[in-house]
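Survey of secondary and tertiary structure
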Amino acid sequence: MDNNRVYVFDTTLRDGEQVPGCQLSTPEKIEIAKELETLGVDIIEAGFPISSPMDFNSVIEISKAVSEPVICALTRAVEKDIDFAADALKFAKRKRIHTGIGSSDYHIKLKFKSDREKILERAVAATKYAKKYVEDVEFYCEDAGRTENEFLAKMVEAVIKAGATVVNIPDTTGYCLPEEYGAKIKYLKENVKGVDNAILSCHCHNDLGLATANTAAGVINGARQVEVTMNGIGERAGNTSLEEITMILKTHKDLNLHTNINSQHIYALSLLVSKMMNMPVQPNKAIVGRNAFAHSSGIHQDGMIKNRENYEILDPVDIGIPQSSIILTARSGKAALKYHLERLGYKLENERVEEVYQGFLKLADEKKDFTDNDLIVLVEGKLPEEGIELEDVEIVSSQSKGTSASIKLKVNGEHVTGKATGSGSLEAALNAVDQLINEKMNLDEFLVQSIGDRKDEGKVHMRIEYDGQLYMGFGVHKDVIIASVKAYIDAINKVASLKRRLAISA
């Protein structure tokens, strides 16, 4: 066994799905499970089979769909739960039953109305019962974060002796401080007889914003499994974030700990989970937030342009993001302005840059979103007349025939019409645009916002990636599909404008 390997146990499809309003269908769960397999997670907690027929079926279908990760099913320390889990896992190539019971006096006295000895008996019995079905049994000591260490060690030792291969030490309420949680794991490593016969696992919640810090403290002190969710979603304030803890271990090479995660797939999966669960990622979210690699301060921008490592400890490419963003705002300096002018194909003398910069400062104070078009107007006095203009969009949806979109565009003065299909209205419309311009753009980010108090109109922010560069587009309309197509075309026009300017400068 590799003592420096940290196993990644993903519970996006179980604990993550407990967020109100974020339930997934079985096909959606399968799609995410396949992407988790590509990402390189070691264990997928696919559901809680006895909780509902849909959860039971999802565990069955996920077991059929993926082959590399261990498929895990959650249970209480109840024989019927374990029976259901075993039945749901019958098609899994590699299977694990995750059973357990509360270990803190809060749970023992207030939840179970019991005592420590009876709870220990139930823990051992559940472990032995699960062991009849599968070799790989994980036991969770619920609310371990608030459990007295001596009793917790007694429970961990008892379930390992009963056959548990992994023991989960959850900070269920997010109560612990990192030093406290790390010391708890260290205490178990030093005081549990037979502890080396099992893996200790960290399952931390984010009620005080410490889930990732506690998990890091746990692995530093000897835990070798982390229980995580994509984007840190989960009940209440969420769980330890997969992207945060795996990138901590990748960045801090001095810890000499590693996972099997292919980090370049992180950003794409983050977007998929956000979209499917209808849970937007906050812009300042570590690793995958829209602003995680965006720089707007003039001092930071100057340092970034000179050398990325001045202000970034992570390379965005390692996450699956093409590049960092230098955002033009009223706080930006001349270095950032010159960087964007050159990106648009303008090679200006210093004196002209100063003139444009003064105009930029005046305009930037008035605008929240400073676009490439604004820069072009500052330099040239107007926008070029060439480009793509949306004239009409027509969507036809049918349960039997799927969705198709007809698009009418004005391209450099010519009227053109195209038609394409897609899995939904937006995909069909964007496919039709791609077909007409004979290019395939990669959609990097998609965000819909309301405009002030106006409920009848929305603004779409869209970011596309083309040839390693990122381009922002904006569109406004009462219909979100039309606003989205406008945003897409706005971004494409910036790609085309750059191509023209680079050709002229060459």
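Data block above holds the structure.
Keep in mind that this is a model prediction, so the values were computed, not measured.

Let's talk about the side chain of S201
Along the chain, the position of S201 falls in strand β7 (residues 199-204). Accessibility expressed as a relative area gives 0% for S201, which makes it buried. Polar side-chain contacts of S201 include one of 2.9 Å to the side chain of Q225. Sequence-distant contacts of S201, defined by excluding residues within four places in its chain, comprise E138, V166, V167, N168, I169, Y181, Q225, V226 and E227.

Observations concerning the sheet that holds strand β1 (residues 7-10)
Spatial strand order, β1-β2-β3-β4-β5-β6-β7-β8: eight strands in a closed barrel with parallel pairing. Strand-to-strand, the axes of this sheet are offset by a mean angle of 25 degrees, without reference to chain direction. By the bridge criterion, two bridges tie β1 to strand β2 (residues 43-47) in an arrangement that is parallel. Looking at the pairing, D10 lines up with I44 of β2. Where helix α8 (residues 211-220) meets the sheet, its contacts fall on β6 (166-171), β7 and β8 (225-228), and the angle it forms with β7 comes to roughly 170 degrees.

A short note on the pairing of strand β12 (residues 402-411)
The pairing of strand β11 (residues 388-398) with β12 spans ten bridges and is antiparallel. Pairing of E394 across the sheet is with S406, part of β12. Taking the residues between adjacent antiparallel strands as the criterion, β11 and β12 are bridged by three residues. Connecting β12 to the next strand, strand β13 (residues 414-422), in antiparallel fashion are two residues, including N412 with a positive phi near 50 degrees.

A word on the sheet that holds β12
Across the sheet, three strands lie side by side as β11-β12-β13; this open sheet has antiparallel pairing. Of all strands in the sheet, those with a lone pairing partner are β11 and β13, marking the two edges. For this sheet the average axis-to-axis angle between neighbouring strands, irrespective of direction, equals 15 degrees. Two elements, β12 and β13, share nine bridges in a ladder whose sense is antiparallel. In the strand pairing of β13, I407 is matched with G418. Seen against the sheet, helix α15 (residues 425-437) touches β11, β12 and β13 and runs at an angle of roughly 135 degrees to β13.

Considering the packing of aromatic side chains
Two numbers describe a pair of aromatic rings. These are the distance of the centres and the angle of the planes. Under the counting rule described, the total for this entry stands at four aromatic pairs. Both rings, one in F56 and one in F84, keep their centres 5.9 Å apart while their planes meet at 75 degrees; by these two values the pair is edge-to-face. With F56 in helix α2 (residues 53-65) and F84 in helix α3 (residues 79-88), this residue pair connects regions lying 28 residues apart in the sequence. A relative accessible area of 33% places F84 in the partly exposed class. Relative to Y140, the ring of F139 lies with its centre 6.4 Å away and its plane at 25 degrees, an arrangement referred to as stacked. Relative accessible area serves as the criterion here: at 11%, Y140 is assigned to the buried category.

Rules used throughout
- Residues numbered from 1 in each chain as written.
- Predicted model: local features only at pLDDT ≥ 70, side-chain atom pairs only at ≥ 80, totals over all residues.
- Heavy atoms only, no water.
- Helix = DSSP H or I, 4+ residues; strand = E, 2+ residues; numbered from the N terminus.
- Buried < 20%, exposed > 50% of the residue type's maximum accessible area, 1.4 Å probe, protein only.
- Polar contact = N/O pair within 3.5 Å; in protein donor to acceptor, adjacent residues only side chain to side chain.
- Contact = heavy atoms within 4.5 Å.
- Pairing = 2+ DSSP bridges.
- Axes fitted to C-alpha atoms, helices over the stretch in contact; angles between N-to-C directions.
- Phe/Tyr/Trp six-rings, centres within 6.5 Å; stacked < 30°, edge-to-face > 60°.

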